[in-house]
Amino acid sequence: MSKVKGSPGLCFVEDRRSNNRKRSSSAMAETHSLQDLRQAAVTSKVFVQRDYTSGTICKFQTKFPAELESRMDKQQFEETIQTLNNLYAEAEKLGGRSYLEGCLACLTAYTIFLCMETHYEKVLKKIAKYIQEQNEKIYAPLGLLLTDPIERGLRVVEITIFEDRSIGSR
Amino acid sequence: MKNCEYQQIDLRALRTSTTRTSTNKNSQRVRRKWEVFPGKNRFYCDGRIMLARQCGVLPLTIVLIFITSGLFFRFDCPFLVHQLTVFIPVIGGVLFLFVVITLLQTSFTDPGILPRALPDEAADIEKQIDNSGSSTYRPPPRTKEILINNQVVKLKYCSTCKMFRPPRTSHCSLCDNCVERFDHHCPWVGNCVGKRNYRFFYAFIVSLSFLTSFIFGCVITHLTLRSQSVNGIIQAIKESPASVVEVVICFFSIWSILGLSGFHTYLVASNLTTNEDIKGSWSSKRGEESGNPYTYNNIFTNCCVVLCGPMQPSLIDRRGFLPPDDTPPIVTSDTELPHFMAKNDTNMCTQSTKELLESVAHSTMIQSTCTPGTPKTTPVSQESLLSTVSITVSPSSKSPSTGCSGRQARRPIDVPCSQRGSKQAALHTHKTMLRVSSPPYSLGHSPIILSDAPNMGFIPLN
């Protein structure tokens, strides 16, 4: 475990993360903004609640929260949430593929769930990657951080608002 | 020279010893989320298997199934193979395996538990409720009305989980969890039946009804054939007494199991839950406009959706690691994170990084503002939870819990009283359990050790 000069903890973390993710050196530039967030204080958190008008499927409200008005573009926010909603809809889509998976599982007394990754889990990984990208490209430079809804039990999309001053200094 | 060497060794030893002790301390502290789970559940195999705390009569269910099937294979099958066909034990074996596998999956799977809201979220919701205009001297109405498919649905606020329950979600008092698409809490499988394990439960009861009917039919055939060969039913019974036991068990089970299968087939076909059916949420007595907003108005589609729909993974992430909560921000980040990184995959890498960021942010905020924040209070609740969890998991304390479940199960069984096998009581038990569990969530006896736990998260340390 080598010692890294400067702020040891997060630099080390970011290096390992980029190695794990097998990304290019552009990761180093992106990690700077996340590093800034580490030094910033949390001002507040905004919670985007679920939208149940279409039933129990996972869908989030696209209404732009008032607290973010000074920070970011409404269009961008709506696009992010809409993409998330589309991804969740894809995960929960009822179609030939999901029925086939269900029938096969039933015939094997549901034991294939122990070895196979379900379609839902695959889409959740896609969602995690998408949120990661959005954070790095759009939200971290604005001093915001999106939390993957799966970490909050698919109840809310939590957006953490950090203080603005440390972002401007870089 | 000697002094220099001594000093160098001393420094290195100091550094490694501090890192080692802090790593040891931190590796002891790093726990999985199931260890601090606030609901009344038991976890085995390091969080892979979960059960309700009051596992009810699950052992009895397993014993009855094994005994009946065992007696069948041992005493009836040889005769029937000789007289009829070898496929009888084959079919029996397949059905038996199916029943056992689906039973275990129903019992051990997360039924769709919703994790409780974190304090930030809960505070945000409370703020929104207060802003909605109600006076401060009476509790604000804890319901929210929404429109689903042009039908008004009321969402209730759950005071234990501190969130508005999604539609079709209900809080199970026995497990102390909000469960999505809550059907009922089944004491026979020792778990709630909800969104994620409803298909296993349905497969279990359908295959069990096939198994009991099959065994019943085979045993009757066996006794009939034997009585023909020995000229008397009494003689046949004397030669094969086990068959009588099987007949008695199967006879009493068949009515309730078949009835339950039929009832659940109706529920599946109309996309209803037992909870909604019992409460009459969508019955016509409320007016002609109200109907089930979740149905697809097609029996086949409803069946496909309920039984073969996509399987959502567990939301409680019981095998995930807890973020470092009571460690100072900078010193431990380089010693603790390698441990994290080694154990987690890439997904968890992101999670732990984010949680580190958040915990760092939290702890810096707490140090500056001294609010009763989460990270400082969690050690209190976690350690006490851990102590209570460890007490209930240890085998010596099994008697209180089974005693309680015995007491609880005895109440409904006392009503139809002394029926042997008491599978018939299952239906009564179901209905009684449902009626009791809907409004006052206590049967008046359960040792609610952990129910205080959620409140502890909000008590400031000082």
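Residues numbered from 1 in each chain as written. Chains lettered and ligands numbered in written order. Predicted model: local features only at pLDDT ≥ 70, side-chain atom pairs only at ≥ 80, totals over all residues. Heavy atoms only, no water.

Looking at an unreviewed UniProt entry, one finds chain B named Palmitoyltransferase, with Cyprinus carpio as its source organism. Taken from UniProt, the Sequence similarities (unreviewed entry) comment for chain B reads in full: "Belongs to the DHHC palmitoyltransferase family." What the UniProt record of chain B gives under Subcellular location (unreviewed entry) is the line "Membrane". (UniProt positions renumbered as here; feature names shortened; annotations may be inferred.)

Under an unreviewed UniProt entry, the name given to chain A is Golgin subfamily A member 7, and the source organism is Cyprinus carpio carpio. The record in UniProt for chain A states the following under Subcellular location (unreviewed entry): "Golgi apparatus membrane".

Asks: Can you tell me about the overall build of chain A, naming the residues and giving the values?
Replies: Helices and strands together make up the secondary structure of chain A, namely six helices and three strands. Start at the N end of chain A and walk to the C end: the helices and strands fall as α-α-β-α-α-α-β-β-α. Looking at chain A as a whole, 50% of its 170 residues are labelled buried. Look at the contacts in chain A between residues 6 or more apart in sequence, and 60% of them connect residues 24 or more apart. Roughly 8,200 Å² of accessible area belongs to chain A as shown, and the carbon and sulfur atoms make up 54% of that amount. (Helix = DSSP H or I, 4+ residues; strand = E, 2+ residues; numbered from the N terminus. Buried < 20%, exposed > 50% of the residue type's maximum accessible area, 1.4 Å probe, protein only. Contact = heavy atoms within 4.5 Å. Areas by Shrake-Rupley, 256 points an atom, 1.4 Å probe, with all protein chains shown as cover.)

Asks: How would you sum up the sheet that holds strand E4 (residues 143-148) of chain B? Please name residues and give values.
Replies: Residue and element names in this part refer to chain B. The sheet built from three strands is open, its strands ordered E4-E5-E6 with antiparallel pairing. The strands lining the two open edges of the sheet, one partner per strand, are E4 and strand E6 (163-164). Where E4 and strand E5 (residues 151-158) come together, six bridges link them in antiparallel fashion. Paired with Ile-148 across the strands is Gln-151, a residue of E5. (Pairing = 2+ DSSP bridges.)

Asks: Tell me about the side chain of Gln312(B), residues and numbers included.
Replies: Tracing the backbone through its elements, the reader meets Gln312(B) in the loop between helix H9 (299-308) and helix H10 (329-343). Of the polar contacts made by the side chain of Gln312(B), one reaches the side chain of Lys195(B); its length is 3.4 Å. Among residues more than four places away in sequence, those in contact with Gln312(B) are Glu92(A), Tyr120(A), Leu154(A), Glu180(B), Lys195(B) and Arg196(B). (Polar contact = N/O pair within 3.5 Å; in protein donor to acceptor, adjacent residues only side chain to side chain.)

Asks: An account of the sheet that holds strand E1 (residues 42-49) of chain A is needed here, citing residue identities and associated values.
Replies: All names here are of chain A. In space, the three strands of this open sheet follow the order E1-E3-E2, with antiparallel pairing throughout. The strands lining the two open edges of the sheet, one partner per strand, are E1 and strand E2 (144-147). Mean inter-strand twist for the sheet, computed between neighbouring axes without regard to direction, equals 20 degrees. (Axes fitted to C-alpha atoms, helices over the stretch in contact; angles between N-to-C directions.)

Asks: An account of the packing of helix H5 (residues 198-230) of chain B against H9(B) is requested, with residue identities and associated values reported.
Replies: Residues and elements named next belong to chain B. Between H5 and H9, the shortest axis-to-axis distance is 8 Å and the interhelical angle comes to 105 degrees. The orientation of H5 relative to H9 falls into the category roughly perpendicular. Contact with H5, carried on its side by Tyr-198, Arg-199 and Tyr-202, involves Val-306, Leu-307 and Cys-308 of H9 and no other residues of that element. Of the residues contributing to the contact of H5 with H9, the split by class is five nonpolar, no polar and one charged. (Parallel < 35°, antiparallel > 145°, perpendicular 65-115°, else oblique. Nonpolar A, V, L, I, M, F, W, Y, C, P; charged D, E, K, R; others polar.)

Asks: Outline the side chain of Thr295(B), supporting the account with residue identities and numerical values.
Replies: All names here are of chain B. Mapped onto the secondary structure, Thr-295 falls in the loop between helix H8 (274-279) and H9. For Thr-295, the side chain forms a polar contact with the main-chain nitrogen of Asn-297, separated by 3.1 Å. In this structure the side chain of Thr-295 is engaged in a polar contact, spanning 3.0 Å, whose partner is the side chain of Asn-302.

Asks: Outline the UniProt feature "transmembrane region" (unreviewed entry) in chain B, listing residues and values.
Replies: In this numbering, the UniProt entry assigns the feature "transmembrane region" (unreviewed entry) to residues 57-75, 81-104, 200-225 and 245-269 of chain B. Secondary structure across residues 81-104 of chain B divides into 88% helix and 0% strand, with the first and last C-alpha atoms of the span separated by 30 Å.

Asks: Kindly report on the packing of helix H4 (residues 96-107) of chain A against H9(B), identifying the contributing residues and their values.
Replies: Running from amino to carboxyl end, H4(A) crosses H9(B) at an angle of 65 degrees, the nearest separation of the two axes being 9 Å. Considering only the axes of H4(A) and H9(B), their crossing is left-handed. Contacts between H4(A) and H9(B) involve Ser98(A), Tyr99(A), Gly102(A) and Cys103(A) on the former and, on the latter, Thr301(B), Cys304(B), Val305(B) and Cys308(B). (Left-handed = near helix turned anticlockwise from the far one by under 90°.)

Asks: Any details on the packing of aromatic side chains? Residues and values, ideally.
Replies: All names here are of chain B. Across all of its chains, the model carries eleven aromatic pairs over all chains by this definition. An angle of 80 degrees between the planes, with centres 6.4 Å apart, marks the rings of Phe-73 and Phe-96 as edge-to-face. Of the two residues, Phe-73 is situated in helix H2 (residues 58-83) and Phe-96 in helix H3 (residues 87-108); the sequence distance between them amounts to 23 residues. For Phe-73, a relative accessible area of 30% corresponds to the partly exposed category. Counting every residue linked through ring pairs, the aromatic cluster contains Phe-66, Phe-72, Phe-73, Phe-96 and Phe-214. (Phe/Tyr/Trp six-rings, centres within 6.5 Å; stacked < 30°, edge-to-face > 60°.)

Asks: Which residues make up H4(A), and what values do they have?
Replies: For an α-helix, the turn length of 3.6 residues means that residues three or four places apart are oriented alike. The end-to-end C-alpha distance of H4(A), which contains twelve residues, comes to 16 Å, matching closely the 16 Å that a straight helix rising 1.5 Å per residue would cover. The positive-phi residue at the C-terminal boundary of H4(A) is Ala109(A), with phi of around 55 degrees. (Expected span 1.5 Å × (residues − 1).)

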